[in-house]
Amino acid sequence: MESKSSEFLARSSEAMRDEHLQSVLNKLRAGLEYKRKAAILKIPNFEELKEHARAVKDHTLANLDHYLEEFESSVIESGGHVHWARTSADLNRIALEICQKAGALRVTKSKSMIAEETGLNTVLEEAGIEVTETDLGEYIIQLAEEPPSHIIGPAIHKTKQQVIDLFKNHHDLGERELESVKSIVDEARKVLRDKFCNADVGITGANFLVAETGRIGLVTNEGNGDLTATLPRVHIAVASIEKVVPTPEDASALLRVLVPSATGQPITSYVSFFGGPRKQGDPDGPEEFHVILLDNNRTDMLAGEFRDMLRCIRCATCLNHCPVYTSVGGHAYGWVYPGPMGSVLTPLMTGMGKAHLLPNACSSCGRCEEVCPMGVPLPDMLRQLRTIEREQGLTPAGWRWGLTAFMKLLQHPRIYHLGARWTTAALKRMGKKRGSIASIPVGSGWTKVRELPSPEGRTFQDLWRQKNRKGASGNE
Amino acid sequence: MTKKSDDQKNSKPLVGLFITCLVDLMRPSVGFATVELLEQAGCRVEVPEEQTCCGKPGYNSGDLANARDVAKRVIEIFEPYDYVVVPSGSCAGMISRHYPKLLAGIPRWENRAEVLAEKCFELTGFLTDVMGFTAPAPLSDLSGRTFTYHDTCTGLREMRVKAQPRQLLRNLRNVEITEMKGTEECCGFGGTFAAKMPDISRHMVDAKIRRAEDAGAQIILGGDMGCLMNIAGRMKRLGKDIEVRHVAEVLAGRLDIPAINGKGE
Amino acid sequence: MNEQDVRKQDREKILGGVRSAVRKDPGHLASVEDLAKYWKSRPSAPRPPVGDDLVETFSSRIQEFASTVVRLDSLEAVPRYIAEYAGTGEDENITLVTGEDPRLENLPWDTAPEIRREVRKAERTDNIGLSQAFCAVAESGSIVLLSGKADPTSNDFLVDRHIILLAEDDIVPYHEDAWKRIREAGSSMPRAVNFISGPSSTGDVDLTLQVGVHGPRTLHVVIVPSNPS
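Everything quoted here is computed from the prediction, not taken from an experiment.

A count of helices and strands for chain C gives seven helices and twelve strands. Relative to the 2.2 N^0.38 estimate, which gives 17 Å for 229 residues, the radius of gyration of chain C is 23 Å and therefore markedly larger than a compact globule would have. Once the C-alpha set of chain C is aligned to its principal axes, its extents read approximately 70 × 50 × 45 Å. A buried classification covers 52% of the 229 residues belonging to chain C. Here the contacts in chain C between residues at least 6 apart in sequence split such that 70% fall between residues at least 24 apart. On chain C, roughly 10,500 Å² of surface is accessible, and the fraction owed to carbon and sulfur atoms is 49%. Distance between charge centres in chain C, computed from 27 positive and 37 negative side chains, equals 11 Å.

Here's what the structure looks like:
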């Protein structure tokens with residue numbers, strides 16, 4: 001997908017003016033935060049489960065070459081095919097070729113962030129293939145022709161009324177009126193049933209790739225992934241290389257921290273493992289099974305200082321707990337992955353040039369790291385990206401030189417204290433009347449939205465020295 | 001001086017007060033309140049004159065080279081003390097969580113950073129967890145007004161400050177905190193973030209203020225001047241009058257000093 | 001270069017990149033022997049506590065979200081029970097879709113003549129489906145179903161109302177125990193292994209939980225004794 005991350009500031013301002021969006025974000029923040037907390041409180045050894053999940057992923061990443069090859073041979077052994085895509089374009093090309101070889105006219109898809117990353121739908125549609133998203137959230141944003149705004153709730157930015165209006169425009173509702181959430185869901189069920197049953201190819205993502213068994217793991221509540229993987233003639237799973245785990249038991253271990261973190265449920269309605277074409281005697285299942293493995297800069301991440309990011313299991317809890325994400329929503333970020341994890345991934349995948357603002361969209365509050373079930377040090381990574389931003393000369397000049405001068409000044413205490421003394425006196429004078437200062441020349445972003453409170457007028461160091469001198473002379 | 005009092009003096013831990021650039025510049029009262037509390041708790045306090053700032057603004061903005069130099073200075077200045085105490089979770093977190101990362105792998109310095117990190121504390125955490133400071137009876141009763149507490153992010157997550165200020169307020173000044181919703185959510189300060197992305201920062205601080213109002217607070221307390229200036233400055237811009245104060249001042253019984261968002265003349 | 005060579009090259013480039021990225025990692029195990037040793041000595045995963053009464057734990061956990069559970073005293077009572085559960089109260093026939101499962105075959109269906117049993121793969125219009133669970137997991141309140149003749153995957157996802165028969169002894173404490181059973185059951189993995197813990201649901205509209213999006217709108221578990229005497 002094309003990145004619009006450079007428009008972050010304008011898009012976020014717009015988002016904060018959007019009342020509908022703000023009401024949804026408030027609901028999201030309060031709801032999911034509470035649900036996650038309640039779910040975790042029920043698991044007395046959650047910390048231990050987290051530690052284990054992290055160890056599983058660290059071990060897998062440290063031996064990723066081995067497990068990728070094992071996964072490949074397991075898939076082949078069960079009659080499936082594995083394809084390797086270095087870039088988004090490669091993945092799209094391979095998927096299109098499989099569809100065309102199968103003579104596919106209609107494709108159903110279950111939610112895949114990888115397909116969002118590569119922009120797969122557009123490529124298939126341009127080749128004349130009808131693509132239908134079947135996750136309800138994805139279906140809604142497909143109708144709205146919008147990108148997802150959240151990695152597990154792609155349409156959370158839409159209000160109920162907005163969804164009803166979309167359905168009115170795109171479905172033949174006749175006399176029927178949609179009102180309740182249930183009526184919306186029933187309508188979607190009816191339309192999507194047709195799509196499931198008439199699709200030639202089903203494309204799913206994968207939460208896990210199980211090396212030992214050559215299976216892909218799907219974690220959903222709707223069951224759309226299962227229908228997508230079962231009814232069409234061909235099943236294609238698209239996944240990035242870091243999704244591999246050694247054994248099914250390891251997938252279960254990750255699941256124990258994934259679901260409570262993501263939705264506050266102990267487990268989703270459906271956790272399914274699929275692999276290979278239908279077996280002899282199977283009454284259903286696809287005739288062909290393909291997995292396309294995507295790199296898209298992940299080997300670089302594996303080799304460098306951002307490897308820990310590959311532990312991310314896309315639970316989205318960092319989004320739900322990020323004060324910036326819950327202020328501006330997902331679209332402000334301008335690409336596929338929003339929030340803290342997105343502000344790390346987007347610059348690494350789309351380049352620093354367009355995305356360098358994102359690592360700055362962070363107040364370093366540390367909540368993301370606190371709630372991350374995989375212990376990804378998100379604030380450290382965002383800081384590291386700001387370091388790279390500075391090295392690449394992308395930091396605005398005023399900030400760069402101002403801060404450099406400040407940091408140099410800190411190393412010259414005498415000049416620093418003189419400056420501090422002068423500054424505090426000057427500020428005191430400026431704020432004398434109001435008790436605060438309405439506008440300052442340096443760092444004017446501060447006074448754009450708030451006053452600068454008046455200082456007391458003398459520095460502590462100054463007063464301390466004076467007091468101690470007096471105290472000393474008093475003793476004499 | 002007699003030998004006995006010498007011994008007494010030596011048994012008191014020697015604290016180097018890291019005053020922080022914001023307290024130094026904006027609100028010396030917090031510094032004096034801090035010294036008073038530390039002395040009451042049985043410490044000897046010194047304020048090294050050579051200190052400036054912990055260097056976090058540059059560190060957070062990617063200027064690692066200068067941040068390293070600043071960190072080395074702070075280590076040199078403060079390593080002679082038994083403890084380093086900071087009336088700020090943010091600067092304490094910088095020293096005790098980030099210096100070791102910043103200087104990791106640099107011979108000699110890595111170890112020195114880790115040693116300093118171990119003895120660096122946020123004020124209320126130090127008074128409670130290290131000094132076990134309590135008063136037999138409240139020193140004064142400030143319970144007449146409704147106080148709420150904003151858990152500043154770095155204090156909470158990097159320095160594990162949560163119960164300590166509440167416990168001290170209760171014990172020293174008979175103040176029971178009226179909790180607001182989302183007390184652990186960021187106020188939107190975030191150092192340079194507040195000036196780099198003012199609109200998002202405003203959105204965050206407005207939520208904080210709304211919640212303090214919903215709790216019926218008359219005074220918002222916190223342990224970090226940055227966050228407090230942010231909340232106070234926004235409050236002032238909005239013409240709202242919940243007082244914003246540093247917890248150290250209240251612990252020292254100083255409600256007579258004008259609030260951070262105090263009125264002018 | 002032909003297409004196949006290009007593909008091979010891409011594979012090599014990715015794997016080569018991965019190899020050079022992990023080669024020097026302290027956790028990297030260079031040889032197959034080292035890996036085997038790692039797996040031998042790997043401590044088992046920590047697990048959340050599960051009470052002693054597996055039937056009770058399973059039942060209460062699966063009922064936390066929109067599923068229903070009933071316990072019957074005997075296997076023989078099942079057809080009659082299903083007739084009551086699924087019936088409309090009028091003397092109408094009930095069509096029940098099942099896979100080719102000998103365990104279901106052997107139930108005394110003659111006790112429930114109103115049930116018309118159709119042994120086949122489910123279609124989109126089918127209303128009620130019956131499956132027998134391969135096993136169930138107490139930890140998360142999950143039914144485990146395996147694809148195949150006995151229970152085509154379609155039957156678990158296309159019907160409106162899904163009834164699942166579960167033998168008491170088939171409830172295991174943890175996911176790991178379920179995997180162990182699956183490994184022991186056959187020479188190779190079935191195409192699909194489904195852990196089902198509730199009816200189909202979504203929170204995608206208005207963040208409101210709504211049951212019955214694509215798959216079954218209801219999930220009803222019938223627990224029966226393992227040894228019908």
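From this point, the narrative continues.
Below, the discussion takes up the state of the cysteines. The full count for this structure, using the stated rule, is zero disulfides over all chains. Residue Cys312 of chain A stays outside any disulfide, its sulfur separated by 6.4 Å from that of Cys318 of chain A, the closest cysteine. Here Cys120 of chain B is not disulfide-linked; the sulfur of Cys91 of chain B is the nearest cysteine sulfur, at 9.2 Å.

For the coordinates displayed, the defined rule picks out 19 aromatic pairs over all chains. With centroids separated by 5.7 Å and ring planes inclined at 50°, the aromatic side chains of Phe121 of chain B and Phe126 of chain B adopt a geometry described as tilted. The exposure class assigned to Phe126 of chain B is buried, which follows from its relative accessible area of 0%. Between the aromatic rings of Tyr81 of chain C and Tyr85 of chain C, the centroid separation amounts to 6.2 Å while the plane-to-plane angle is 20°, which identifies the pairing as stacked. Of this pair, Tyr81 of chain C and Tyr85 of chain C both sit in helix H4 (residues 78-86), separated by four residues, roughly a single helical turn. The partly exposed category is assigned to Tyr85 of chain C, whose relative accessible area is 23%. Here the aromatic cluster, defined as three or more aromatic residues joined through ring pairs, consists of Phe8, Tyr325 and Tyr333 of chain A.

Another point: the domain arrangement of chain C. Quoted interface sizes are often the accessible area lost when the parts come together. By domain assignment, chain C separates into domain 1 (3-41) and domain 2 (54-224). Computed from C-alpha coordinates alone, the two centres of domain 1 of chain C and domain 2 of chain C are separated by 41 Å.

Quick look at the interface of chain C and chain A now. Counting residues at the interface gives 74 residues for chain C and 101 residues for chain A. Across the interface of chain C and chain A, roughly 7,300 Å² is buried in total on both sides, 55% from carbon and sulfur atoms. On the chain C side of the interface with chain A, the three residues burying the most area are Arg191, Asp204 and His214 of chain C, jointly 13% of the side's total. On inspection of chain C and its partner chain A, the count reaches 14 salt bridges. Two residues, Asp186 of chain A and Arg217 of chain C, come together in a salt bridge whose shortest N-O distance is 3.0 Å. The tally of links from chain C across to chain A stands at 51 residue pairs in polar contact (both at pLDDT 80 or more). Only helix H1 (3-22), helix H2 (32-41), helix H6 (153-157), helix H7 (175-185), strand S9 (192-196) and strand S10 (201-202) of chain C provide two or more residues apiece to the side of chain C that touches chain A. Take the side of chain C that touches chain A: its biggest share by element is twelve residues, from H1 of chain C. A per-class count over the side of chain C that touches chain A returns 31 nonpolar, 22 polar and 21 charged.

Relative to the elements of secondary structure, Pro28 of chain B occurs in helix H3 (residues 28-40). For Pro28 of chain B, a relative accessible area of 1% corresponds to the buried category. Aside from chain neighbours lying at most four places away, what touches Pro28 of chain B is Glu456, Arg458, Thr459, Phe460 and Leu463 of chain A together with Val23 of chain B.

Our next topic: the interface of chain B and chain A. Opposite the 71 residues of chain B that make contact, chain A presents 70 residues. For the pair chain B and chain A, the summed buried surface comes to about 6,200 Å²; carbon and sulfur atoms form 60% of the total. Residue Arg29 of chain A is joined to Glu185 of chain B by a salt bridge in which the shortest nitrogen-to-oxygen separation is 3.4 Å. At the surface where chain B touches chain A, the tally comes to 35 residue pairs in polar contact (both at pLDDT 80 or more). Top element by residues in the side of chain B that touches chain A is helix H13 (residues 225-238) of chain B. It accounts for eight residues.

Below, the discussion takes up the nonpolar core. As a rule of thumb, nonpolar side chains are buried together in soluble globular proteins. Within the largest apolar cluster, 139 residues are counted, with the highest numbers of intra-cluster contacts made by Phe8, Ile216, Met309, Val324, Tyr337 and Met341 of chain A together with Val144 of chain C. By residue number, the principal contributor to this core is helix H12 (residues 248-263) of chain A, which donates seven residues. Discounting chain neighbours no more than four positions away, the residues touching Met341 of chain A are Ile151, Met309, Cys312, Arg314, Cys318, Leu319 and Leu378 of chain A. Of all hydrophobic cores here, the second largest spans 65 residues; its members include Val15, Val30, Tyr149 and Met180 of chain B.

Rules of the game
Residues numbered from 1 in each chain as written. Chains lettered and ligands numbered in written order. Predicted model: local features only at pLDDT ≥ 70, side-chain atom pairs only at ≥ 80, totals over all residues. Heavy atoms only, no water. Helix = DSSP H or I, 4+ residues; strand = E, 2+ residues; numbered from the N terminus. Rg over C-alpha atoms; globule rule 2.2 N^0.38 Å. Buried < 20%, exposed > 50% of the residue type's maximum accessible area, 1.4 Å probe, protein only. Contact = heavy atoms within 4.5 Å. Areas by Shrake-Rupley, 256 points an atom, 1.4 Å probe, with all protein chains shown as cover. Lys, Arg positive; Asp, Glu negative; His and termini not counted. Charge placed at Lys NZ, Arg CZ, Asp CG, Glu CD. Disulfide = S-S within 2.5 Å. Phe/Tyr/Trp six-rings, centres within 6.5 Å; stacked < 30°, edge-to-face > 60°. Domains from an automatic or database assignment. Buried area = accessible area lost by both parts, 1.4 Å probe. Salt bridge = Lys/Arg side-chain N within 4 Å of Asp/Glu carboxyl O. Polar contact = N/O pair within 3.5 Å; in protein donor to acceptor, adjacent residues only side chain to side chain. Nonpolar A, V, L, I, M, F, W, Y, C, P; charged D, E, K, R; others polar. Core = buried A, V, L, I, M, F, W, Y, C linked by side-chain atoms within 4.5 Å.

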